[in-house]
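Results of the structural survey
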Amino acid sequence: MQELRIPGPTPLPGEVLQVMSRQMINHRGPEFGQMLKKITANLKQLFQTKNDVLLLTGVGTGGLEAVIVNTLSPGERILSVSNGAFGNRFASIARQFGTDVNLLSFEWGKPVDVDVVRQSLQVDPKIKAVLVTHNETSTGITNDLAAISAVVKEFDKLLLVDAVSSLGSIYLPVDDWNIDVVVTASQKGWMAPPGLAMISINQKGWQAHGEAKIPRYYWDFTHAKNYLKKDQTPWTPPLNIVYALSVSLELMLKEGLSNIITRHAQLAKTAREGVKSLGLSLFAEESHASNTVTAVAASDGLDVKKLLRILRDEHQIILGGGQQKLDGKIFRIGHLGWVTEDDIKSVLSALKVVLPQAGFRGVS
Ligand SMILES: Cc1ncc(COP(=O)(O)O)c(C=O)c1O
């Protein structure tokens, strides 16, 4: 069996796989209503929020687009903070919908510098909202969202957060950190297939929604909220993914959020220490290294593409490559969702064998 160790989609527990083969039900009937009610309540617990949580049919990028079209207006000044491919994507979506984006870029592999965010807000009072990626999956960096949020709130701006690959796996108390709108996606730490975006919105987020003028239809939060009052979604939901999420959330709550967070921290530590002991270097600055994905730099003659190919063909282990300008320069080990310490050790053992075959002249 293949060991899928990319940063999403992730492997699914047996119970989750099994429930996906259930027969379809009426999405306007009481059975679905009960299920959606429970999912919403469970998501609120795991988001650590008392505010609204909406379940939208779409992948993470759809969720990011939903956030933009529901809270912003064309011409509005936005500060888009980015230190990787997903930060840039968030900015591109905002730009595509006509907002006036000030892209504040940081070096890939380095964390966002909170002082620079503060300076940017100081020099441009017209900024309406700040876009931030909590966990930059392309580089394996977790930005200091608590500190960023504190600065954004110092200036009383709207904070829109991509937590696609962190929420439910890495500590992110949504209400305590004053996150106005946050988006995550089912195929990451949530142990469900791709296809659902989950979004929470607080009062400031709803206020922005009330003023937002970007045209929207499918993603409209008002529709979603009105239907949620009837325990329904506005459009036909992907039922088998909803079944999957209902079971995976129960599994998550059984494990307990703090245990899940600790497990991810431990897995990440094992991954980081393991790759370093093989003579490899981490790509991400270690002080901010992610607990859901470890990015490893190609050094000492390592041919990353060859490494990934041999791992796949001869060891049935699938790791992630680098994205965009990091293509061929890094590889990434996903350790989020349904993953154990042994799974990571198995990746490390295979790496030890394959690294020299892929040209690595370091220790290994
Ligand atoms: C941080 C982050 N944002 C957004 C996305 C986009 O999600 P999707 O591929 O589901 O559109 C991803 C997916 O890897 C991600 O890791």
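Every residue gets a number counted from 1 within its own chain, in the order that chain's sequence is written. Reporting in this predicted model follows two pLDDT cut-offs: at least 70 for local features of residues, and 80 or more for side-chain atom pairs to be given and counted; totals over whole chains, interfaces and linings ignore these cut-offs and use all residues. Excluding hydrogens and water, the side-chain values take into account all heavy atoms of the structure.

**Quick look at the overall build of the chain**
Helix numbering and strand numbering both begin at the N terminus, where a helix is a DSSP run of H or I of at least 4 residues and a strand a DSSP run of E of at least 2. A tally of regular secondary structure across the chain gives twelve helices and 14 strands. This radius of gyration counts C-alpha atoms alone. The globule rule is 2.2 Å times how many residues there are, raised to the power 0.38. Against the 2.2 N^0.38 benchmark of 21 Å for 364 residues, the chain shows a C-alpha radius of gyration of 20 Å, consistent with a compact globule. In terms of principal-axis extent, the alpha carbons of the chain reach across some 60 × 55 × 30 Å. Looking at the chain residue by residue over its 364 residues, the buried ones come to 59%. Whether two residues are in contact is decided by their heavy atoms: any pair within 4.5 Å suffices. Taking all contacts inside the chain whose residues are at least 6 apart in sequence as the whole, residues at least 24 apart take part in 73%. Method for areas: the Shrake-Rupley scheme with a 1.4 Å probe, in which residue coverage is limited to the protein chains shown. For the chain, the exposed area adds up to about 14,400 Å²; of that, 51% sits on carbon and sulfur atoms. Only four residue types enter the charge count, namely Lys and Arg as positive and Asp and Glu as negative; His and the chain termini do not. Charge positions come from single atoms, namely NZ of Lys, CZ of Arg, CG of Asp or CD of Glu. Each charge class in the chain was averaged separately, 38 positive and 35 negative side chains, and the resulting centres sit 3 Å apart. Burial classification: accessible surface area is computed with a 1.4 Å probe over protein chains only, and a residue below 20% of its type maximum counts as buried, one above 50% as exposed, and the rest as partly exposed.

**Observations concerning the sheet that holds strand β10 (residues 196-201)**
Taken together, seven strands build an open sheet; the order of strands is β2-β10-β9-β8-β5-β3-β4 and the sheet is mixed. A strand with exactly one partner marks an edge of an open sheet, and here the two such strands are β2 (52-57) and β4 (100-105). In this sheet, adjacent strand axes meet at a mean angle of 20° when their direction is disregarded. Only when DSSP finds a minimum of two bridges between them are two strands counted as paired. One ladder, built from six bridges, connects β2 with β10; its direction is antiparallel. Residue pairing across strands places L56 opposite A197, the latter belonging to β10. Axis geometry follows a simple rule: fit a line to the C-alpha atoms, using only the stretch in contact for helices, then measure angles between N-to-C directions, giving values from 0 to 180 degrees. Helix α2 (residues 30-47) contacts β2, β9 (181-185) and β10 of the sheet and is inclined by roughly 120° relative to β2. Sheet contacts for helix α3 (residues 60-71): β2, β5 (129-133), β8 (158-162), β9 and β10; angle to β9, the most-contacted strand, approximately 160°.

**Focus: the site of the ligand**
Close contacts around the ligand come from 13 residues, with T61, T137, D162, Q187 and K188 the closest. Think of a polar contact as two N or O atoms within 3.5 Å of one another; within protein, one of them needs to be a possible hydrogen donor and the other a possible acceptor, and neighboring residues in sequence only count if both atoms come from side chains. K188 is positioned such that a nitrogen or oxygen atom in its side chain is 2.6 Å from an oxygen atom of the ligand. If the ligand stood free it would expose 390 Å²; the protein chains cover 87% of that surface. Elements with a minimum of two residues in the shell around the ligand: α3 and α4 (85-96). Near is defined per residue: the residue qualifies when any heavy atom it owns lies within 4 Å of the molecule or strand.

**What to know about the sheet that holds strand β12 (residues 293-297)**
Judged by pairing direction, the sheet is mixed, and its five strands sit side by side in the order β1-β13-β14-β12-β11 without closing on themselves. Only two strands of the sheet have a single neighbouring strand rather than two, namely β1 (3-5) and β11 (281-282). Relative to strand β14 (residues 330-334), strand β13 (residues 317-321) runs antiparallel, the two being bridged by two bridges. In the strand pairing of β14, G320 is matched with R332. Of the strands in this sheet, β13 and β14 touch helix α11 (residues 304-315), which is tilted by about 160° from β13.

**Focus: unusual backbone geometry**
For the peptide bond that leads from G8 to P9, omega is 0°, which places it in the cis range. Here P9 shows up in the loop between β1 and α1 (14-19).

Any functional reading would require information beyond the geometric quantities listed.
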